[in-house]
Amino acid sequence: MAATSGWHQIEDWGIWASKSVAIFECAIESKKDTLISCFIKLKCPDEMGFTTVSVVQSGFVIETFNVTSKPQWYTFDVDIHTGSKLEIKLVSPSRRFVSPDSRGKIFFGILGFAYSSGDLISTVSLIKKVINDGVNVININTIDQKETATDIPRKEFEVISTEIAANAIADFVSTFYSEIKPSFFERFFGSLYLQKARNNARKKRWEAAAMYYMKMFNRGLIEAKPVVQLGHALNESGLHRAAFIAYSIAYHLSPDDDDVKFHYELNLERLRKT
């Protein structure tokens, strides 16, 4: 009953997502406008090896997980506004497996879900139950999946989370836009936006520069150098995590470019220090 849209038929182990965006909802017992802790057990088909799954609520990405064919528990927090219903979107745009049987496309699978009401006692009790399932609890993809979130200092955990999410986005963007062939008009308007972006950057109008870079990219004109320049504009605007995502995209587009690699590694180190 919880799998409301974007799913195949339920099986004895769990359920596969049939679309890149699958909606999961269930009735909960929680006070209105409260934060609850959720635990979800995910896997992908053996043939895929790995994929990424993002939790989206109210149009915002809450967390992004690096999911493998080995079932694993992940945890995230969500705001409950109604007090009686939890609804989230699980998004996996990067990879899929086409099953040879009647199921067709498969993106990822859910084996279990649990939540706590948000207070410490119920959360600890729930964690114990999840751990007794024989699988470690992790928060978005620790580098070593034998670790739990409590093993990692908060700052390092945030850096790991940002790095994995950024690279997942970069992988998707670089793959998606490599298949787009912009028309003459898109290239024409894209070049105008690039010029406007650079003019604003020279005048240190960083937010305007970032806006025009994004307008250019929306035309399908994504190249490593302008993406690096977008990263500079975002950094100057104080949006350091967003800047790191831009540098990650540039690095995926042009991994052999020394300048691109320099800014990617420099900003990863900056995240660790700040």
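Residues numbered from 1 in each chain as written. Predicted model: local features only at pLDDT ≥ 70, side-chain atom pairs only at ≥ 80, totals over all residues. Heavy atoms only, no water.

**Overview of the overall build of the protein chain**
Helix and strand counts for the protein chain come out as 7 helices and 12 strands. With 274 residues in all, the protein chain has 45% of them scored as buried. Summarising the internal contacts of the protein chain: among those between residues at least 6 apart in sequence, 64% fall at separations of at least 24. When the accessible surface of the protein chain is totalled, it reaches about 14900 Å², and 54% of it is carbon and sulfur. (Helix = DSSP H or I, 4+ residues; strand = E, 2+ residues; numbered from the N terminus. Buried < 20%, exposed > 50% of the residue type's maximum accessible area, 1.4 Å probe, protein only. Contact = heavy atoms within 4.5 Å. Areas by Shrake-Rupley, 256 points an atom, 1.4 Å probe, with all protein chains shown as cover.)

**With respect to the pairing of strand β5 (residues 50-57)**
When you tally the buried positions in β5, you get 7 out of 8 residues, the bulk of the element. One ladder, built from 3 bridges, connects β5 with strand β8 (residues 85-91); its direction is antiparallel. The residue bridging V55 from the neighbouring strand is L90, located in β8. (Pairing = 2+ DSSP bridges.)

**Some thoughts on helix α3 (residues 184-202)**
Compared with an ideal rise of 1.5 Å per residue, which puts 19 residues at 27 Å, α3 spans 27 Å between its outermost C-alpha atoms and is within 8% of the ideal. Within α3 the residues assigned to the buried category are G190, Y193, L194, A197, N200 and A201. The arc enclosing the buried residues of α3, seen along the axis, measures out at 130°, which places them on a common side. In α3, the exposed positions angled more than 90 degrees off the buried face are occupied by F184, F185 and R202. Residues of α3 that are buried in the fold lie against α4 (206-218) and α5 (224-236). Where α3 ends, the next residue or the one after it, K204, has phi of about 60°, a positive value. (Expected span 1.5 Å × (residues − 1). Arc of directions from axis to C-beta.)

**Digging into the packing of α5 against helix α6 (residues 240-253)**
One way to put it is that α5 packs onto α6 with a least axis distance of 8 Å and a crossing angle of 170°. With respect to their mutual orientation, α5 and α6 come out roughly antiparallel. Residues A224, V227, V228, L230, G231, H232, L234 and N235 of α5 touch α6, and the partners they reach there are H240, A242, A243, A246, Y247, I249, A250 and L253. Of the residues assigned to the contact of α5 with α6, the class counts are 12 nonpolar, 4 polar and no charged. (Axes fitted to C-alpha atoms, helices over the stretch in contact; angles between N-to-C directions. Parallel < 35°, antiparallel > 145°, perpendicular 65-115°, else oblique. Nonpolar A, V, L, I, M, F, W, Y, C, P; charged D, E, K, R; others polar.)

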